[in-house]
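Structure at a glance
So the chains spell out like this:
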Amino acid sequence: MEDYQKKFHSITDFVHGAAQSVLGKIDHFTFKMLVDQLKSEDYEAAKTAIEQLAKEKRTIGIPPLYFVSQAHPNPRIREKALKAIDLIDEHNKIEELTKGKTTEDAVKALIQEYGHYKQS
């Protein structure tokens, strides 16, 4: 019986590891889709992506949200992105990291701090 339990535990660990790997890839793909949706000029599509990123509260979403908050052509979307950043930025580091920088340099600084969604 002990041998059975060891083998069962081994198989359970393997299945769990494989499931985590698959879920990680799905999570990455879903996150990439959300970030890609931020490019949309369709208010509802961009709003939905922003709300989902804010709900997840993953700091890796800060750099693309910051870019949207500074450069998106729709002011309502820029405002939504700023509000989402406020929800995610619990340590209030964004202003410090971006102060006095161009949008491009600020995004680079945020990527250095929080990472890039393509790396996750």
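1. Let's talk about the confidence of the model for the protein chain
For the protein chain, per-residue confidence averages 79 on the pLDDT scale, and 73% of positions sit at 70 or higher. Least confident of the elements in the protein chain is helix H1 (residues 2-37), whose mean pLDDT is 57; most confident is helix H4 (residues 75-88), at 95.

2. Some words on the packing of aromatic side chains
Applying the stated rule across the entire model yields zero aromatic pairs. The aromatic ring of Tyr43 is capped on one face by Arg76, whose charged end is 3.8 Å from the ring centroid.

3. Comments concerning the pattern of salt bridges
Proximity of charged atoms lets side chains of opposite charge pair with each other. The tally for this structure, following the rule as stated, stands at eight salt bridges. Where Lys80 meets Glu51, a salt bridge forms, and the shortest distance between an N and an O atom there is 3.4 Å. Here Lys80 is found in helix H4, whereas its partner Glu51 is found in helix H2 (residues 43-56), with 29 residues between them in sequence. Look at Lys80 and you get partly exposed, because its relative accessible area is 27%. Overall, Glu51 belongs to the partly exposed group, its relative accessible area being 38%. One salt bridge connects Glu79 with Lys83, and the closest N-O pair in it is separated by 3.4 Å. Linking Glu79 with Lys83, this pair stays in helix H4, spanning four residues, or about one helical turn. Taken together, the salt bridges that share partners define one network made up of Glu44, Lys47, Glu51 and Lys80.

4. With respect to helix H6 (residues 103-114)
With twelve residues, H6 should cover 16 Å at 1.5 Å per step; its first-to-last C-alpha distance of 16 Å lies within 8% of that length. Buried within H6 are the following residues: Ala106, Val107, Ala109, Leu110 and Tyr114. Buried residues along H6 cover an arc of 160° about the axis, so they all sit on one side. Turned more than 90 degrees away from the buried face of H6 sit Glu104 and Gln112, all of them exposed. At its buried positions, H6 is contacted by helix H3 (62-71) and helix H5 (94-98). Immediately beyond the C-terminal end of H6, within one or two residues, lies Gly115, with a positive phi of roughly 95°.

Rules used throughout
Residues numbered from 1 in each chain as written. Predicted model: local features only at pLDDT ≥ 70, side-chain atom pairs only at ≥ 80, totals over all residues. Heavy atoms only, no water. pLDDT = per-residue confidence, 0-100. Helix = DSSP H or I, 4+ residues; strand = E, 2+ residues; numbered from the N terminus. Phe/Tyr/Trp six-rings, centres within 6.5 Å; stacked < 30°, edge-to-face > 60°. Lys NZ or Arg CZ within 6 Å of the ring centre and 35° of its normal. Salt bridge = Lys/Arg side-chain N within 4 Å of Asp/Glu carboxyl O. Buried < 20%, exposed > 50% of the residue type's maximum accessible area, 1.4 Å probe, protein only. Expected span 1.5 Å × (residues − 1). Arc of directions from axis to C-beta. Contact = heavy atoms within 4.5 Å.

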